[in-house]
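# Overview (structure and organization)
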Amino acid sequence: RLERLQRVVTKLQMESGLCEEQLNQADALLQADVRLLAAGKVPQKAAEVERDLDKADAMIRLLFNDVQSLKDGRHPQGEQMYRRVYRLHERLVSIRTEYNLRLKSGAPVTAVTAVSVTSGQRRPEPDEAPLRYLQELLAWVEENQRRVATAEWGADLPTVETHLGAHRGLHCAIEEFLGRRMRGSRGWGAQPCGGEGGGVAVQGEDAAANHPPVPPQNSSKSRLRHLESLHGFVSAATKELLWLSEREEEEVAFDWSHNNPAMAAKKESYS
């Protein structure tokens, strides 16, 4: 058993290193495209960034399953490996958030701008900048609303823990979006995280005519709360099932013949 768990540790160390390389590659491609956007050029590596992030996501899900097997086996490195994989997941969420905000939503606007300049058309007026920013916010909100609405729950402890870890990273990104991105935008004001509705308000003459995007904070909080509740239930149920399995193994392996000197103790235990 210890040899099997040690092989899992070795596998985790090797594959977490490969996952880190995958994230480094995705981040490098992302930063290269961000520089192109800043220079008014069309990004070139968006498809590769998304593919690398999807690969890293799949790897991290498998790593969480291996971590759970270490924790179930009470391996001394289980918690250390969990922290290592969770840090990879946090970095994945961070890179994906930057990709959605700066590249995925910004690419079409920059591309149009570059074409307009090349063809001799006018540059966008300064008044158009808030509209572009609003489009970025809407794209980010819609993407994360979709992720929260379509996310799965899991049917056993490893998958529930995987989904819980993944959503904690997403929820942190949503909270950061409210706390930093919205407060820093021109003409926008964020309500406190604990405020009613968890939404945002547009200041200015068009506030009544335009409804701002509402970040998926409430649905994210609700999913996080339900996942934590589900995790507590499934953890307790898993412990009970393990206890039953251990008792079953004892009963099957027990010598039930009358010649067994431990029979008297067994009867006493049953009583």
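Residues numbered from 1 in each chain as written. Predicted model: local features only at pLDDT ≥ 70, side-chain atom pairs only at ≥ 80, totals over all residues. Heavy atoms only, no water.

## Some thoughts on the overall build of the chain
Defined as follows: Secondary structure elements follow DSSP: runs of H or I no shorter than four residues count as helices, runs of E no shorter than two count as strands, and numbering proceeds from the N terminus. Accessible area is worked out with a 1.4 Å probe on protein chains only. A residue is then buried under 20% of its type maximum, exposed over 50%, and partly exposed in between. Whether two residues are in contact is decided by their heavy atoms: any pair within 4.5 Å suffices. The Shrake-Rupley method, run with a 1.4 Å probe sphere, supplies the accessible areas, and residue values consider only the shown protein chains as cover.
Broken down by element type, the chain carries 8 helices and 2 strands. Going from N to C terminus, the chain has its helices and strands arranged as α-α-α-α-α-α-β-β-α-α. Within the span of the chain, comprising 271 residues, buried residues form 36% of the whole. Sequence separation of 24 or more characterises 71% of the internal contacts of the chain that already satisfy a separation of 6 or more. A total of about 16300 Å² of accessible surface is found on the chain, and carbon and sulfur atoms cover 54% of it.

## What about the packing of helix α1 (residues 2-38) against helix α2 (residues 46-72)?
What counts here: Note on geometry: axes are lines fitted to C-alpha atoms, helical ones only across the stretch in contact, with angles between N-to-C directions running from 0 to 180 degrees. Working rule for angles: under 35 degrees goes down as roughly parallel, over 145 as roughly antiparallel, 65 to 115 as roughly perpendicular, anything else as oblique. Helix crossings fall into two classes, left-handed where the near helix is turned counterclockwise from the far one by less than a right angle and right-handed where it is turned clockwise. For this scheme, ten residues count as nonpolar: Ala, Val, Leu, Ile, Met, Phe, Trp, Tyr, Cys and Pro. Four count as charged, namely Asp, Glu, Lys and Arg, and the remainder, Gly too, count as polar.
Their axes nearest at 9 Å, the elements α1 and α2 cross at an angle of 160 degrees. One way to sum up the angle between α1 and α2 is to call them roughly antiparallel. In the crossing of α1 with α2, the sense of the turn from one axis to the other is left-handed. Residue composition of the contact of α1 with α2, grouped by class: 19 nonpolar, 4 polar and 7 charged.

## A look at the nonpolar core
To keep things clear, this is the line we draw: Buried Ala, Val, Leu, Ile, Met, Phe, Trp, Tyr and Cys residues form a nonpolar core when they are joined through side-chain atoms within 4.5 Å.
Counting residues in hydrophobic clusters, the biggest one holds 28 residues, and the most contacted among them are L12, L23 and L53. Secondary-structure elements contributing two or more residues to this core are α1, α2 and α3 (78-104). Excluding residues that lie within four positions of it along the chain, L53 makes contacts with L23, A26, L92, I95, R96 and Y99. Counting 8 residues, the second-largest nonpolar core is a separate cluster that includes W140, V148, L170 and I174.

## Quick word on a nonpolar patch on the surface
The line we're drawing: What goes into a patch is any residue over 30% in relative accessible area without a salt bridge, connected to like charges within 9 Å or, for nonpolar side chains (Val, Leu, Ile, Met, Phe, Trp, Tyr), within 5 Å. When a carboxyl oxygen of Asp or Glu is within 4 Å of a side-chain nitrogen of Lys or Arg, the pair counts as a salt bridge.
Taken together, L241, W243 and L244 make up a surface patch of nonpolar side chains, about 340 Å² in accessible area. By secondary structure assignment, the location of L241 is in helix α7 (residues 217-253).

## Observations regarding a positive patch on the surface
As a reminder of what qualifies: We score Asp and Glu as negative and Lys and Arg as positive, and we do not count His or the chain ends. One atom stands in for each charge, and that atom is NZ of Lys, CZ of Arg, CG of Asp or CD of Glu.
Residues R1, R4, R7, R74 and K239 make up a contiguous surface patch of positive charge. Tracing the backbone through its elements, the reader meets R4 in helix α1.

## A few points about the packing of aromatic side chains
Aromatic ring pairs are defined here through the distance separating the ring centres and the angle between the ring planes. For clarity, the threshold we go by: Two aromatic rings, drawn from Phe, Tyr or Trp (for Trp, its six-membered ring), form a pair once their centres lie within 6.5 Å of each other, and the interplanar angle then sorts them: stacked below 30 degrees, edge-to-face above 60, tilted otherwise.
Applying the stated criterion across every chain, the model contains 4 aromatic pairs. With centroids separated by 6.0 Å and ring planes inclined at 55 degrees, the aromatic side chains of F64 and Y82 adopt a geometry described as tilted. On the criterion of sequence distance, the pair formed by F64 in helix α2 and Y82 in helix α3 is long-range, its members being 18 residues apart. F64 gets classed as buried once you look at its relative accessible area, which sits at 5%. Plain terms: the ring middles of W256 and Y270 are 6.2 Å apart, the flat faces sit at 75 degrees to each other, and that makes the pair edge-to-face. With a gap of 14 residues between them, W256 in the loop between α7 and α8 (263-270) and Y270 in helix α8 connect regions that are remote in the sequence.

## Topic: α2
For clarity, the cut-off: By definition here, a helix of n residues has an expected span of 1.5 Å times n minus one.
With 27 residues, α2 extends 39 Å from end C-alpha to end C-alpha; this agrees with the ideal 39 Å at 1.5 Å per step. Looking at α2, one finds that the buried residues are V49, D52, L53, A56, I60, L63, F64, D66, V67, Q68 and L70. One or two steps after α2, the chain reaches R74, where phi turns positive at roughly 55 degrees.

## Considerations on the side chain of R223
Counting through the fold element by element, R223 comes out in helix α7. No salt bridge is formed by the buried R223; the nearest opposite charge belongs to E152, separated by 8.1 Å.

## With respect to the environment of K239
Residue placement: K239 occurs in helix α7. By relative accessible area, which is 62% here, K239 ends up exposed.

## A word on the side chain of R96
Worth spelling out the cut-off: Think of a polar contact as two N or O atoms within 3.5 Å of one another; within protein, one of them needs to be a possible hydrogen donor and the other a possible acceptor, and neighboring residues in sequence only count if both atoms come from side chains.
Along the chain, R96 turns up in helix α3. Judged by its relative accessible area of 12%, R96 falls in the buried class. Here L53 takes part through its backbone oxygen, which lies 3.5 Å from a polar atom of the side chain of R96.

## Quick look at the confidence of the model for the chain
To keep it simple, the criterion reads: pLDDT expresses how confident the predictor is about each individual residue, on a scale running from 0 to 100.
Averaged over all residues, the pLDDT of the chain is 75; the fraction at 70 or higher stands at 75%. Of the regions scoring below 50 in pLDDT, residues 185-213 engages in 48 contacts with residues more than four places distant in sequence or in other chains.

## Brief notes about the pattern of salt bridges
Following the criterion strictly, the structure yields 9 salt bridges and no others. For the salt bridge of E15 with K11, the shortest nitrogen-to-oxygen distance reads 3.5 Å. With a gap of 4 residues between them, E15 and K11 both fall in helix α1, about one helical turn apart. The exposure class of E15 is partly exposed, given its relative accessible area of 22%. Among the salt bridges present, the one from E251 reaches K266, with a minimum N-O distance of 2.7 Å. Taken together, the positions of E251 in helix α7 and K266 in helix α8 put the pair 15 residues apart, joining distant regions of the chain. Residues joined in a network through salt bridges with shared partners are K11, E15 and D66.

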